[in-house]
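# Structural features, examined
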Amino acid sequence: MDTLTSYSRKAEILRTETLKPIVKKLQKTIQSRMLEDSEPRVVPPGLIRAAAFELSYLLIRHRQWHHAALLSELAIDFLTSEYMIAGGPATHIVESALDILHSYTPRELDWSSEDYEREFLEHLIICSLISRDEETLAIDIGFGRNVMSLLKSALDLESSPGVFNFASELTQETFDIMQAIFSEVDESPANMDLYRLKNLLQRDDATPKNRLKKEYLQTLNKILASCWPEGKTEKQLKDLVKDEHFGSDLRLLLRNGLIYEEPRALRQAPLFRLSHKGYELTCMHFAFTHWHEVGNRLHLQDMPSAYQSTVLQILAKESVPQLQNLLETEGQYLSPIALRFVIDHMKQSRQEKGLLEIFSNLLHNRAHAWIRVEICQALPLSSGLTLAVERLDSLLNDDPSPMVRSAARAAVQRSRRKQSMPQTKSDGI
C-alpha cells in the first residue's frame, strides 16, 4: 500500500471542517488511554500517534455504525493485529473512543443489534464491490488485513479455510449478505445504482439510516435519472415523481452533490442537472435502459464519461459486433475512462491493430491531453507494430503538452526495458 496516499486521503477526511471538534476530542482520548495502558518502552510515542490517527479515521469513517457491536470488535482486532496492542488495552481504548462518539450518533430507534450488524456488513460489502482495487478499498474503509481477508473469504466460502480471529459464523453471514446482493443485481443490474446511492447517503448526518429502504432509493433514483439529458425544472420533476416528500428529497440530492441548479433567463425556472457524481450513480440504470440505442439514436459524443464506460462494458458482453462498429464510427469521442476500458478489452482480445486505428483517429482529431496520456500509457503494444512506435515518437518529440511528453517518455522507457529482457520460448517450440 502507498503509505503517503493512504495518510493523505485519511487526513483530508479528518480535516473536514464539521468533523474537526470531534476528531480533536477523539484523538486526545485515544492517545491518553494508550499512554495509560502501556509502558513507554514497550509502545513508543511514535507508534501511539500513528495508531491514534488510524483508529480515529476508522471510527470517523464508519461513524454511522457506532452502535453496531461488530464495529467495536473489528476496531479492537485492528489494534491487536496491526499495532500488536494486547486485547485488554485495545478493548479499553476502543470503548473509550466509542463513548465519546455515541453522543454524536443518534441510535436508529427501530433497529435491533442484529439490524445494525447486518447493515454494517452490507455497508462494508458495498464498499468492496464499488472500489476500484484492493488498495483503494483498504484506504477507504481503514481496516487491516483481517477485515480484507473476511471480505475475500466471503466471495468464495466453500474453498475458504476461515479468517483468522473471526468466528466462522461471521464469514457465513457476510457470504449470505453478499449472495443476496448478487441475486438482486442479477435480477436487475440497475439495483447496483441503488446500493451505490445508499452507500453515499448513509454518510448524510441529516438522513435517518432506517429511511434508506429500496422503495425510497428508487424514488431518489427516478429523480436523478429524470435530470438527464436536458435537465428538468422543479415542477417537471415533482410531476414525474409525485412524492409527498419531494422537497426534502430534492434538497437531499443537492446537499450531497448529486444534482446542481442551473439558473436560466429571467422568468424561466432553473433547471436541475446531474453532477459528475450523479452520472456515476445512475450509469447502470442508463446503460441497461438504452444500450440498444447506442450508435443509432444515442451517440458517444452525447454521453458523459460514466455512461460511456458502462455502455461499452455491456456491449463487450452482449454484442461484440455492435461494440466494434461503435468504436470504428465513434471512437474519436471516447472519454479517458471509456478509452481505458477499450484498451484493456482490446488487448485481452488481441485486437491491437484495431486499437492502434482508434489511437490514430483520436490523434488525427486532436484528442485532448488526457486522452493522449491514456494512449501513451497503453504503449508500447506487445506486437511491436511499427506505426505504434512512430506514434510514440511523435508524442514524445512533438506534443505541446509537458504532461503528455512525460507519459510518452515513460512509455519509451518501458519499451526499452521490454526489449532488453531475455526472450523466452513458448511451450512446445
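As a starting point, this report considers the structure included with it. Remember, it's a predicted structure, so these values are computed and weren't measured experimentally. (Residues numbered from 1 in each chain as written. Predicted model: local features only at pLDDT ≥ 70, side-chain atom pairs only at ≥ 80, totals over all residues. Heavy atoms only, no water.)

Where helix H3 (residues 45-61) contacts helix H5 (residues 87-102), the two axes come as close as 11 Å, and the packing angle between them is 45 degrees. In terms of orientation, H3 and H5 fall into the oblique class. Read as a crossing pair, H3 and H5 show a hand that is right-handed. Of H5, the residues touching H3 (which contributes Leu55, Leu59 and Ile60) are Ile93, Val94, Ala97, Leu98 and Leu101. Residue classes in the contact of H3 with H5 are distributed as 8 nonpolar, no polar and no charged. (Axes fitted to C-alpha atoms, helices over the stretch in contact; angles between N-to-C directions. Helix = DSSP H or I, 4+ residues; strand = E, 2+ residues; numbered from the N terminus. Parallel < 35°, antiparallel > 145°, perpendicular 65-115°, else oblique. Left-handed = near helix turned anticlockwise from the far one by under 90°. Contact = heavy atoms within 4.5 Å. Nonpolar A, V, L, I, M, F, W, Y, C, P; charged D, E, K, R; others polar.)

Any two aromatic rings considered together are summarised by their centre-to-centre distance and by the angle between their planes. Following the criterion strictly, the structure yields 9 aromatic pairs and no others. A ring pair is formed by tryptophan 65 and tryptophan 111, whose centres lie 6.2 Å apart and whose planes are at 5 degrees; its orientation type is stacked. Here the residue tryptophan 65 occupies a position in the loop between H3 and helix H4 (69-82), and tryptophan 111 occupies one in the loop between H5 and helix H6 (113-130), the gap between them amounting to 46 residues. Across the pair, exposure class does not vary: tryptophan 65 and tryptophan 111 are buried alike. Taken together, a centroid distance of 5.1 Å and an interplanar angle of 85 degrees make the contact between tryptophan 111 and tyrosine 116 edge-to-face. (Phe/Tyr/Trp six-rings, centres within 6.5 Å; stacked < 30°, edge-to-face > 60°. Buried < 20%, exposed > 50% of the residue type's maximum accessible area, 1.4 Å probe, protein only.)

Moving on to the pattern of salt bridges. Summed over all chains, the structure comprises 18 salt bridges. Note that glutamate 184 is salt-bridged to lysine 214, the shortest N-O span being 3.3 Å. Here glutamate 184, found in helix H9 (residues 168-187), pairs with lysine 214, found in helix H11 (residues 214-226); they are 30 residues apart in sequence, far enough to count as distant. Overall, the relative accessible area of 24% leaves glutamate 184 in the partly exposed class. Of the residues examined, lysine 214 reaches a relative accessible area of 37% and is grouped as partly exposed. Residue lysine 232 pairs with glutamate 230 through a salt bridge whose shortest N-O separation is 3.2 Å. (Salt bridge = Lys/Arg side-chain N within 4 Å of Asp/Glu carboxyl O.)

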